[in-house]
Amino acid sequence: MQLDYTDTKDMRLITVGEGRIDAAVAITFKDRMRELCEDGPDRIVLDMAQVGFIDSSGLGAVVASMKQVGKEKVLELAGLSPTVKKVFQLTRMDTVFTIHASAASVLGGDVANAS
């Protein structure tokens, strides 16, 4: 599972470098997210622009990552493809996460919720 990150003064942008978050990578995803979220800024944005498919295990891994960051930090999502966005809408997880249109909109200061 390829996850890269960039820090700005007030947030950590984590970019998913895979086309799928599914049962095959869910555990690795959660472990890597835990590592990346332990230190750094309190605001974490997960850029999922390259993710074209997510299954229930992948969704569970994203939710588990949100729980791992705890109450002192916030995990937001960005760049959901239409297919991935639909999964979040059908499961009503779009009401749990702040979802941005793109990582660029977050970096540019546009924090409008894209859901």
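Residues numbered from 1 in each chain as written. Predicted model: local features only at pLDDT ≥ 70, side-chain atom pairs only at ≥ 80, totals over all residues. Heavy atoms only, no water.

### Examining the environment of K85
Part 1 of the argument: You can see K85 is positioned in helix α3 (residues 82-90).
Part 2 of the argument: For K85, a relative accessible area of 24% translates into the label partly exposed.
Part 3 of the argument: Separated by 31 residues in sequence, K85 and I54 place their C-alpha atoms 9.5 Å apart. (Helix = DSSP H or I, 4+ residues; strand = E, 2+ residues; numbered from the N terminus. Buried < 20%, exposed > 50% of the residue type's maximum accessible area, 1.4 Å probe, protein only.)

### Let's talk about the packing of aromatic side chains
Part 1 of the argument: Across all of its chains, the model carries one aromatic pair by this definition.
Part 2 of the argument: Ring geometry for F88 against F97: centres 5.9 Å apart, planes inclined by 80°, an arrangement best described as edge-to-face. Each of the two residues, F88 as well as F97, counts as buried.
Part 3 of the argument: In this structure, R12 packs its charged tip against the face of Y5, placed 4.2 Å from the ring centre. (Phe/Tyr/Trp six-rings, centres within 6.5 Å; stacked < 30°, edge-to-face > 60°. Lys NZ or Arg CZ within 6 Å of the ring centre and 35° of its normal.)

### Things to note about the side chain of D47
Part 1 of the argument: For D47, the position within the fold is in strand β4 (residues 43-47).
Part 2 of the argument: R43 is the oppositely charged side chain nearest to the buried, salt-bridge-free D47, at an N-O distance of 13 Å.
Part 3 of the argument: For D47, the side chain forms a polar contact with the main-chain nitrogen of A49, separated by 3.1 Å.
Part 4 of the argument: Once you skip the residues sitting within four places of it in the chain, D47 turns out to touch L13, I14, T15, V16, A78, G79 and A103. (Lys, Arg positive; Asp, Glu negative; His and termini not counted. Salt bridge = Lys/Arg side-chain N within 4 Å of Asp/Glu carboxyl O. Polar contact = N/O pair within 3.5 Å; in protein donor to acceptor, adjacent residues only side chain to side chain. Contact = heavy atoms within 4.5 Å.)

### Focus on the sheet that holds strand β6 (residues 74-78)
Part 1 of the argument: Spatially, β1-β2-β4-β6-β7 is the arrangement adopted by the five strands of the open sheet, whose pairing is mixed. The sheet is open, and its two edges are formed by β1 (3-7) and β7 (99-100), each paired on a single side.
Part 2 of the argument: Two elements, β6 and β7, share two bridges in a ladder whose sense is parallel. What sits directly across from L77, in β7, is I99.
Part 3 of the argument: Along the sheet, helix α2 (residues 56-69) contacts β4 and β6; its crossing angle with β6, the most-contacted strand, is approximately 150°. (Pairing = 2+ DSSP bridges. Axes fitted to C-alpha atoms, helices over the stretch in contact; angles between N-to-C directions.)

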